[in-house]
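This is what each chain is made of:
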Amino acid sequence: MERLPAALPQSFYGRQVAEVARDLLGCDLWRRLPSGVICGGRIVECEAYGGSDDPGSHAFRRTPRSEIMYGPPGFAYVYFTYGMHYCANAVSHVKGTAGAVLIRALEPLADLDGMASRRGKAAIDPHGEIRPRALCSGPAKITQALAIDRGLNGTPLTGSELRISPGTGPVPDPEVKITTRIGVNSGAELLARFIVERSNFLSR
DNA sequence: GTGACGATAATCT
DNA sequence: GATTATCGTCACA
């Protein structure tokens, strides 16, 4: 992989966050490392987080951390949690509101070797082979596999460091399942988790 | 295969 | 001072 596919336009992200999350399924997330190596995968699971109407969202309150979720759509929101993990989001909302889509799982597509070495021994099976399911099956696994950290907070998703492209096209409705979000305490009943039901690369 | 638990620090009250 | 949009390991089945 040398040249990245064309990026989704910024306008893609300027819609209701649940709509964006639904449409991000089947799209491809790419990361160009400082070395020039490109890694990435297909989005098979993501969650929508809203603004002042969503108690489960960081943007429920407007704070320094969540300020970026109130900013222009189409940029990365990367936050640090549990003292050791990063999670990556796509800022998405209609003008005047706040929101972001948490990218929760990818089907690995490029640089699986590099991903495995960044993920460590948890990505290697007893025979010494890479376990593709262990590379990107969770939000913090993705950031580790793609070397995404807080330095990429605020990076455009239309650029060369970080990019989302349309992939092979929209995932048909019958293949999409919607569930409650994972790991959320308040607002737990909200149906805002979108998955490609038959994927082998989901979290949990 | 499942479920409990500890790691570890930024962020917010 | 409490909480946390998680993960890997370990026990057990």
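These remarks concern the structure in this document. (Residues numbered from 1 in each chain as written. Chains lettered and ligands numbered in written order. Predicted model: local features only at pLDDT ≥ 70, side-chain atom pairs only at ≥ 80, totals over all residues. Heavy atoms only, no water.)

1. Some words on the pattern of salt bridges
Move 1: Evaluation of the coordinates by the stated rule reveals 10 salt bridges.
Move 2: In this structure, the salt-bridge partner of E45 is R104, at a minimum N-O distance of 2.8 Å. Pair noted here: E45 is in strand β2 (residues 38-49) and R104 is in strand β5 (residues 100-110), with a separation of 59 residues, a long-range link. The pair E45 / R104 is uniform in exposure class, with both members buried.
Move 3: A salt bridge links D111 to R118; the shortest N-O distance between them is 3.2 Å.
Move 4: In this structure D111 comes out as partly exposed when scored by relative accessible area, which is 24%.
Move 5: For R118, a relative accessible area of 25% puts it in the partly exposed group. (Salt bridge = Lys/Arg side-chain N within 4 Å of Asp/Glu carboxyl O. Helix = DSSP H or I, 4+ residues; strand = E, 2+ residues; numbered from the N terminus. Buried < 20%, exposed > 50% of the residue type's maximum accessible area, 1.4 Å probe, protein only.)

2. Structural notes on the pairing of strand β3 (residues 76-81)
Move 1: Sheet analysis places β3 next to strand β4 (residues 85-91), joined by 6 bridges and oriented antiparallel. Across the sheet, residue A76 finds its bridge partner in β4, namely A90.
Move 2: Hairpin connection of β3 to β4: 3 residues between the antiparallel strands, including Y82 at a positive phi of 55 degrees. (Pairing = 2+ DSSP bridges.)

3. Re empty space enclosed by the protein
Move 1: The tally for this structure, following the rule as stated, stands at 1 cavity of 30 Å³ or more.
Move 2: Reported here for the largest cavity is a volume of approximately 70 Å³.
Move 3: Residue lining of the largest cavity: L29, A76, A88, N89, A90, I103, I148, L157, L162 and I164, and that is the complete set.
Move 4: Every element with two or more residues in the lining of the largest cavity is listed here: β4 and β6 (162-165).
Move 5: No other element matches β4, which puts 3 residues into the lining of the largest cavity.
Move 6: Counted by class, the lining of the largest cavity contains 9 nonpolar, 1 polar and no charged residues. (1 Å grid on protein atoms, 1.4 Å probe; cavity = no way out; pocket = protein on both sides within 12 Å on 5 of 7 lines; lining within 4 Å. Points joined across faces, edges and corners; volume = space filled by probe spheres on them. Nonpolar A, V, L, I, M, F, W, Y, C, P; charged D, E, K, R; others polar.)

Taken by themselves, the reported measurements are silent on function.
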